[in-house]
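Each chain, letter by letter, is given below.
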Amino acid sequence: MSACVFCGIVAGGVPAFRVADGPDGVAFLDTRPVFKGHVLVVPRTHLVTLTDLPAEALAGYFGLVRRLAAAVESGLGAGGTFVAMNNRVSQSVPHLHTHVVPRTRGDGLRGFFWPRTRYVDDAEAEAHAARITAAL
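Residues numbered from 1 in each chain as written. Predicted model: local features only at pLDDT ≥ 70, side-chain atom pairs only at ≥ 80, totals over all residues. Heavy atoms only, no water.

(A) Here's a closer look at helix 2 (residues 58-76). Between its first and last C-alpha atoms helix 2 spans 26 Å; for 19 residues at 1.5 Å apiece the expected length is 27 Å, and the two agree. Every buried residue belonging to helix 2 is among Gly 60, Tyr 61, Gly 63, Leu 64, Val 65, Leu 68, Ala 69 and Val 72, and all of these are buried. Of the surrounding elements, those touching the buried residues of helix 2 are strand 1 (18-22), strand 2 (25-29), strand 3 (39-42), strand 4 (80-84) and strand 5 (98-103). One or two positions beyond helix 2, positive phi appears at Gly 77, with a value near 65 degrees. (Helix = DSSP H or I, 4+ residues; strand = E, 2+ residues; numbered from the N terminus. Expected span 1.5 Å × (residues − 1). Buried < 20%, exposed > 50% of the residue type's maximum accessible area, 1.4 Å probe, protein only. Contact = heavy atoms within 4.5 Å.)

(B) Structural detail: the sheet that holds strand 2. Here five strands make up an open sheet; going across it, the order is 1-2-3-5-4 and the pairing antiparallel. Looking at the sheet topology across the chains shown, the edges are occupied by strand 1 and strand 4. Averaged over all pairs of adjacent strands, the angle between their axes in this sheet comes to 15 degrees, without regard to strand direction. Across three bridges, strand 3 lies against strand 5 in antiparallel orientation. Looking at strand 5, one finds that Leu 40 is bridged to His 99. Lying on the sheet, helix 2 is in contact with strand 1, strand 2, strand 3, strand 4 and strand 5; it crosses strand 5 at an angle near 20 degrees. (Pairing = 2+ DSSP bridges. Axes fitted to C-alpha atoms, helices over the stretch in contact; angles between N-to-C directions.)

Here it is in C-alpha cells:
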C-alpha cells in the first residue's frame, strides 16, 4: 500500500518519531497529538480495521499496545492513559491503529471525544444487546 502513510512509516520511507519497532508492530508519536506523548501503534502489515487483524496476531499486537500504555505512563509521569481505536468512522488513516494518550487529572479531556446519549428505557437497551448478541 504505497499510498498509506502508516505503511510508509513502517517501511521507513516516511519519517516519524518512532518509539517502538518490532515484529508485532511499530509505534510512533502522533503528529497531531491530543496531548504531548500521544502514540499510535500500528501492525506492520496493512490492515484497515480490527476485524482484519488475524486471530494469531492479537496477542502480539495488543501485547505491544499494553507495553506502550505502561511506557507512556511511566516514561512521561502520566497519571494514566486513554487507549482507543476507530474502525472506519473517524479513522483518519485507513490503516489499523491504536491511540495511546497520556492522561493526567485535570487535563481537560472529558470522557470520550463525542457526545453521550441514553437509552429510552431498559427495553431499548435489551433490544440493542440482543441484536449484538445475535450477530456474535
